[in-house]
Amino acid sequence: MQVIIAGSHGLIGTALVEHLAAHGHHVRRLVRRPARCSREISWDPDGGALDPEDLRGAQAVINLGGAGLGDSRWTAQYRRTILASRTAPTALLARTLADMDDGPQVLLQGSAVGYYGDRGDAFLTEGSAPGDGFLVDVVQAWEDATAPAEAAGVRVAHLRTGIVMSRSGGSFGRLLPLIRLGVGGPLGRGDNYWPWITLIDQVRAIEHLLDAEVSGPVNLTAPSPAPQREIVRAVARSLRRPAVVPVPRLALRIALGEFAEDILSSQRALPAVLTAQGFEHEHPDLASAAAWVTRRPAPR
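Let us look at the structure shown here.

Reading guide: rules and limits
Residues numbered from 1 in each chain as written. Predicted model: local features only at pLDDT ≥ 70, side-chain atom pairs only at ≥ 80, totals over all residues. Heavy atoms only, no water. Phe/Tyr/Trp six-rings, centres within 6.5 Å; stacked < 30°, edge-to-face > 60°. Buried < 20%, exposed > 50% of the residue type's maximum accessible area, 1.4 Å probe, protein only. Lys NZ or Arg CZ within 6 Å of the ring centre and 35° of its normal. Helix = DSSP H or I, 4+ residues; strand = E, 2+ residues; numbered from the N terminus. Contact = heavy atoms within 4.5 Å.

1. Structural notes on the packing of aromatic side chains
(1) Moving on: Applying the stated criterion across every chain yields a total of two aromatic pairs.
(2) Moving on: With a centroid separation of 5.3 Å and an interplanar angle of 90°, the aromatic rings of Tyr115 and Tyr116 are classed as edge-to-face. The pair formed by Tyr115 and Tyr116 is uniform in burial state, with each residue classed as buried.
(3) Moving on: One Lys or Arg, Arg86, reaches over the ring of Trp142 and ends 5.0 Å from the middle of that ring.
(4) Moving on: Directly above the ring of Trp292 sits Arg167, whose terminal nitrogen or CZ lies 4.4 Å from the centroid.

This is how it looks when you write it as structure tokens:
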């Protein structure tokens, strides 16, 4: 396929570009500056500028953009940034696709398991109701921004992403060096469920959805969500490091501000749609995921 990607320089976007190119797809990036080569398309989502001619010939658009939740304190201004950085580009892409007669017919739109809010140990699937709170409102507005494309018949899938386990980058990438040093432990009580997925399974799932007849929300998570303390311990065990001293909730609040509440929320989300589609994770369990993220041989 010819695929156009927005948000291609983040953790997931960078890995996705490499993965799709390695599997024979022709990838073009949407960039917020003048294009430097034929593999780039210039746009200005804040100013509402995107030339539909630049999208012609592509079969799919993937939008992964959005300001990082942990990149700044959640002041009133940064809350507006978190929301606008997701809804404005999404709405522009959706309107542009809706107005094209022969444009891309697939939009894979970034989203988050934050849709479900803090739900304890309840199992959550794509059919579960939304929770409450700021991030829930953000995700709902984010997904709603695709409405023009959906109304025009474009197949839209909302990629509700969980905690992405990677060797660098993202919230998990910040935790991994601490575990390597032997000073990482459960965050708070550690009993909140993390809907984790490895970075390689994340990009494989997105590629799978390019031509799978799936629309609506899709949980991009592993089939075995686990309490956060078990995830930390599995990684520490793979590194042969201790992980017994918990990081106090107050310390997390001081260090991370309101982002700590997102880290400590609980979403026991299952990838029901992916499972029904026959998608197979390379890392379906914590042991194989921990081995991959720490570059250790998988346990027998």
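2. As for the environment of Ser215
(1) Moving on: Here Ser215 shows up in the loop between helix 6 (199-211) and strand 11 (216-220).
(2) Moving on: With relative accessibility at 52%, the residue Ser215 sits in the exposed group.
(3) Moving on: Taking the C-alpha atoms as reference points, Ser215 and Arg155, 60 residues apart in sequence, are found 5.8 Å from one another.
(4) Moving on: The contacts of Ser215, once residues within four sequence positions are left out, are Arg155, Val156 and Ala157.

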